[in-house]
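Residue-level listing of the chains:
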Amino acid sequence: MNMNVKQVDIIIVGAGFAGLYALYKLRLLSQHILVIESGANLGGSWYWNCYPGARCDIESIDYSYSFSKEIEQEWSWTERFASQTEILDYLNFVAEKLDLRKNIIFNTKVVSAAYNEETKRWEVGLDNDQFLTAGFCVMATGCLSSSHIPELPGSTLFKGDIYHTATWPHETISFAEKRVGVIGTGSSGVQIIPEIAQDAAQLYVFQRTPAYTIPVNNETLSSDYISWVKKNYPEIRQKAKQHFFACGLDNDDLSMEDFLPADRISELERRWQTGGVVAFFSAFNDILINNETNKFVSDFLAQKLKEIVHDPDIVEKLTPRSYPFGTKRACNAIDYWTTFNKKNVSLVDIRKAPIKAITETGLLTADGKTYELDTIVFATGFDAFTGALRQIKIKGRNNTLLENKWKAGPRTYLGLMTSEMPNMFIITGPGSPSVLSMMIAAIEQHVDLIYDFIHYMQLNGITTVEPKEDAEKAWMEHTNAIAEGTLFMQAESSWYLGSNIAGKARTFYPYAGGMPAYRKICDDVVRDNFNGFLFS
Ligand code: FAD
């Protein structure tokens, strides 16, 4: 790539699912586009999170681009829930087919973006001290791309190896004969723990909050099934458009009350056997708004746990009690609970006795116990939604710094743009469905919207667009009102609420009204001459 290019029409930050589709789609409007990616290769989440056991929680047939019929026909998924490696292969296949690499600069981080009010262009600073300017800046920086490691004294003292699941090395790490500590039992912890337990001499799982987990019952996809899918993709995608989480599942849309009491358990049992969080979640449409339904589902899972895990003390520790089901991310699991029946696995409750320090040889907890370790694995998640944006010094009109504007919580219109930052789009930004949907659908919908904006502006000789402040205010009120009507706000702590990060504003970050409602709102905005946006 010619690094002397200083001026482009569009700069896209990030080369994950969002950046790659944005590149393809916006290249239809301009050839002068650059994607800047801090990683050494494309793939975003699926490039970085290459830890053992990393896998998609959504069925592979759904978790794929829908914009290209050719790609749908040429690519064949092998498993019901795809592994990280298969998803990365898929993205490389897409990039190859669409010749995307030629517009991407790797190993380069965007560190600043300042809007120049005179030139009406973004001046984008890179970590190699170069600058680019662009008429449009598209943030495809990801909701889950800024990894979080809790601050613990002594981290530089440890003589063994330390890893974070989200920055996992791209070579094989052996745990054979090692004493390993995994900190964190969210989605990544639930995936990596059974893998490490297979080889490690001793595995200590440091758990603050137990996760609700659902077995995935993963399987190889038969060629007959794949042929059927390829014939029926239009219907599958259409179904997904109507589904709350944008997955191609039957939209039964029934509340628990709609079932006879005797049939409620069998409905959950049926979905438990099917496997996967989304299928399970879709049992009753009021799980996230009705405490009684939620408790019924939690009790069902608590009973399953008792049947699977032998030691009643461990059962007690693994039973979630501090939040309703689903209000922290529920996890797909392969052999997670059974792992705690293994002799080489110990569960350490760090809510009771928090980790106090990392020592030369392991971890020290508040009750004075020491854990001797060869390897520490942080599965401690992300500074979600805003973390990657926060790492870029973004300055808009009137010298407004994004981090100041968003101090009390992000403010956006549609989760797509924020006022005083003209021509800066955020793909799956805070205030859009993002992680509460199958994210590729959310990404495609946002990229298509951005295309509509830029196309409209090109056709009409318009230079800038930004949301009106009153539209932004109304959107924030709307998104907050929807979140308040759900059980999400009852979670004592969750990354949906930003409360996993010290000092981060506590608010509900994604849009909780579901993809179909959100899509309709956006379609109406566009149809209504981009209502709520100011063009100049
Ligand atoms: P990302 O994939 O996060 O890509 C963003 C890219 O931007 C990264 O490569 C990053 O390096 C780059 N970047 C960020 N800041 C800068 C900067 N300043 N300069 C240069 N480059 C920068 N979603 C689902 O729908 N279903 C799932 O089952 C699912 N499972 C997941 C499992 C894991 C382990 C993780 C981490 C995420 C999962 N997700 C899942 C969410 C996943 O992030 C999205 O599905 C999707 O991959 C997001 O794509 P993206 O392009 O928006 O962001």
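Preceding block: the structure.
Everything in this summary refers to the structure shown in the same document. (Residues numbered from 1 in each chain as written. Predicted model: local features only at pLDDT ≥ 70, side-chain atom pairs only at ≥ 80, totals over all residues. Heavy atoms only, no water.)

### A few points about the overall build of the protein chain
Using the following cut-off: Secondary structure elements are defined from DSSP: runs of H or I of at least 4 residues count as helices, runs of E of at least 2 residues count as strands, and each element is numbered from the N terminus. Within these notes, the globule rule equals 2.2 Å times the number of residues to the 0.38 power, and the radius of gyration is based on C-alpha atoms. Burial classes follow relative accessibility: with a 1.4 Å probe on protein chains only, a residue under 20% of its type's maximum area counts as buried, one over 50% as exposed, and anything between as partly exposed. Throughout, a residue-residue contact means that at least one pair of heavy atoms, one from each residue, lies within 4.5 Å. Counting rule applied: Lys, Arg positive; Asp, Glu negative; His and chain ends not counted. Charged groups are reduced to one reference atom each: NZ for lysine, CZ for arginine, CG for aspartic acid, CD for glutamic acid.
For the protein chain, the helix and strand inventory stands at 16 helices and 20 strands. In terms of overall size, the protein chain behaves like a compact globule, its C-alpha atoms giving a radius of gyration of 23 Å where 536 residues would be expected to give roughly 24 Å. With the C-alpha coordinates aligned to their principal axes, the bounding extent of the protein chain is approximately 70 × 60 × 45 Å. A total of 536 residues make up the protein chain; the buried ones form 58% of that total. Within the protein chain, contacts between residues separated by at least 24 positions form 71% of all contacts whose residues are at least 6 apart in sequence. Positive and negative side-chain charges of the protein chain, numbering 51 and 64 respectively, have mean locations separated by a distance of 3 Å.

### Things to note about the packing of helix α7 (residues 261-274) against helix α9 (residues 291-308)
Just so we agree on the cut-off: Axis lines are fitted to C-alpha atoms, over the contacting stretch for helices. Their N-to-C directions set the angle, which ranges from 0 to 180 degrees. When describing relative orientation, an angle under 35 degrees is termed roughly parallel and one over 145 degrees roughly antiparallel, while 65 to 115 degrees is termed roughly perpendicular and anything else oblique. Take the far helix as the reference: if the near one is turned anticlockwise from it by less than a right angle, the crossing is left-handed, and if turned clockwise, right-handed. Classes in brief: Ala, Val, Leu, Ile, Met, Phe, Trp, Tyr, Cys and Pro nonpolar; Asp, Glu, Lys and Arg charged; the others, Gly included, polar.
Contact geometry for α7 and α9: axes closest at 11 Å, N-to-C directions at 60°. Classified by the angle between their axes, α7 and α9 sit oblique to one another. In the crossing of α7 with α9, the sense of the turn from one axis to the other is right-handed. Contacts between α7 and α9 pair Arg264, Ile265, Leu268, Glu269 and Trp272 from the former with Phe296, Val297, Phe300, Leu301, Lys304 and Ile308 from the latter. Tallied by class, the residues present in the contact of α7 with α9 amount to 8 nonpolar, no polar and 3 charged.

### Here we look at the pattern of salt bridges
For the record, the criterion: Each reported salt bridge corresponds to a side-chain nitrogen of Lys or Arg within 4 Å of a carboxyl oxygen of Asp or Glu.
Scanning the entire structure with this criterion turns up 22 salt bridges. A salt bridge links Glu79 to Arg55; the nearest nitrogen and oxygen atoms lie 3.2 Å apart. Note that Glu79 is positioned in the loop between α3 (69-74) and α4 (84-97) and Arg55 in the loop between α2 (45-48) and α3, a separation of 24 residues in sequence. Each member of the salt-bridge network shares a partner with another, and the members are Glu70, Glu74 and Lys97.

### Notes on α9
Our working rule: Expected span of a helix, by definition, is 1.5 Å for each gap between consecutive residues, and there is one gap fewer than residues. Here, the arc refers to the directions that run from the helix axis to the C-beta atoms. Any pair of nitrogen or oxygen atoms within 3.5 Å is treated as a polar contact; in protein, a donor-acceptor pairing is required on top of that, and neighbouring residues in sequence qualify only through side-chain atoms on both sides.
End to end, α9 covers 26 Å across 18 residues, agreeing with the expected 26 Å (1.5 Å per residue, within 8%). Burial in α9 covers these residues: Thr293, Asn294, Val297, Ser298, Phe300, Leu301, Lys304 and Leu305. End-on, the buried residues of α9 take up no more than an arc of 155°, which puts them together on one face. More than 90 degrees from the buried face of α9, the exposed residues found are Glu292, Lys295, Lys306 and Glu307. As for α9, its buried residues are in contact with β10 (213-215), α7, α8 (277-281), α10 (312-318) and α11 (336-339). The N-capping residue of α9, defined by a side-chain oxygen 2.8 Å from the backbone nitrogen of Glu292, is Asn290.

### Quick word on helix α1 (residues 17-26)
When you tally the buried positions in α1, you get 9 out of 10 residues, the bulk of the element. Residues of α1 that are buried include every one of Phe17, Ala18, Gly19, Leu20, Tyr21, Ala22, Leu23, Lys25 and Leu26, and no others.

### What to know about the nonpolar core
Inclusion rule: Nonpolar cores were defined as sets of buried Ala, Val, Leu, Ile, Met, Phe, Trp, Tyr and Cys residues, with membership established by side-chain atoms within 4.5 Å.
Counting 142 residues, the largest nonpolar core has Phe17, Leu26, Phe325 and Phe425 as the members making the most contacts within it. Considering each element in turn, this core owes the most residues, 12 residues, to helix α14 (residues 439-460). Excluding residues that lie within four positions of it along the chain, Leu26 makes contacts with Ile10, Ile33, Val138, Ile450, Tyr451 and Ile454. Judged by nonpolar contacts, the second largest core, of 24 residues, contains Ala113, Val124, Ile394 and Met421.

### Some points on the side chain of Ser282
Within the secondary structure layout, Ser282 lies in the loop between α8 and α9. We classify Ser282 as buried; its relative accessible area is 15%.

### Topic: the sheet that holds strand β13 (residues 355-358)
The test is simple: The pairing criterion for strands is at least two bridges between them, as found by DSSP.
Across the sheet, which stays open at both edges, the 3 strands sit in the order β13-β14-β15 with antiparallel pairing between neighbours. Taken across any chain shown, the strands that pair with only one partner, and hence form the sheet edges, are β13 and β15 (370-372). Sheet twist, expressed as the average angle between the axes of neighbouring strands with direction ignored, equals 20°. The pairing of strand β14 (residues 362-365) with β15 spans 3 bridges and is classified as antiparallel. Across the sheet, residue Leu364 finds its bridge partner in β15, namely Thr370.

### Section: the site of the ligand
To keep things clear, this is the line we draw: We define proximity as follows: a residue is near a molecule or strand when any one of its heavy atoms falls within 4 Å of that partner. To measure how exposed things are, a 1.4 Å probe is used in the Shrake-Rupley method; for residues, cover is taken only from the protein chains shown.
Neighbouring residues of the ligand: 32 residues in total, closest Ala18, Glu37, Ser45, Asp57 and Tyr63. In this structure, Ser38 approaches the ligand through a main-chain N or O atom, which is 3.1 Å from a nitrogen atom. Between the ligand and Tyr63 there is a distance of 2.5 Å, counted from an oxygen atom to a side-chain nitrogen or oxygen. The fraction of the free accessible surface of the ligand (970 Å²) that becomes covered by protein chains is 95%. Elements supplying a minimum of two residues to the shell around the ligand: α1, α2 and α14. When residues of the shell around the ligand are assigned to their parent elements, the largest contribution, 3 residues, is made by α2. Counted by class, the shell around the ligand contains 18 nonpolar, 11 polar and 3 charged residues.

### What about the packing of aromatic side chains?
Inclusion rule: Centres within 6.5 Å are what make two rings of Phe, Tyr or Trp a pair, Trp counting through its six-membered ring; a difference in plane orientation under 30 degrees is then read as stacked, over 60 as edge-to-face, and the rest as tilted. By definition here, charges over rings are those cases where NZ of Lys or CZ of Arg is within 6 Å of the ring centre and within 35 degrees of the ring normal.
Considering all chains together, one arrives at 51 aromatic pairs under this definition. Their ring planes at 65° and their centres at 5.0 Å tell us that Phe17 and Tyr65 sit as a pair that is edge-to-face. With a gap of 48 residues between them, Phe17 in helix α1 and Tyr65 in the loop between α2 and α3 connect regions that are remote in the sequence. Between Tyr212 and Phe325 the ring centres are 5.2 Å apart and the planes differ by 90°, which places this aromatic pair in the edge-to-face class. Separated by 113 residues along the polypeptide, Tyr212 in the loop between β9 (202-207) and β10 and Phe325 in the loop between α10 and β11 (331-333) bring together distant segments of the chain. Both residues of the pair, Tyr212 and Phe325, count as buried. The rings of Phe17, Tyr21, Tyr24, Trp46, Tyr63, Tyr65, Phe67, Trp75, Trp77, Tyr90 and Phe93 are connected pair by pair, giving a single aromatic cluster. In this arrangement the basic side chain of Lys25 is found over the ring face of Tyr451, its NZ or CZ atom lying 4.6 Å from the centre. Above the plane of the ring of Tyr509 lies Lys504, whose end atom (NZ or CZ) is 4.8 Å from the centre.

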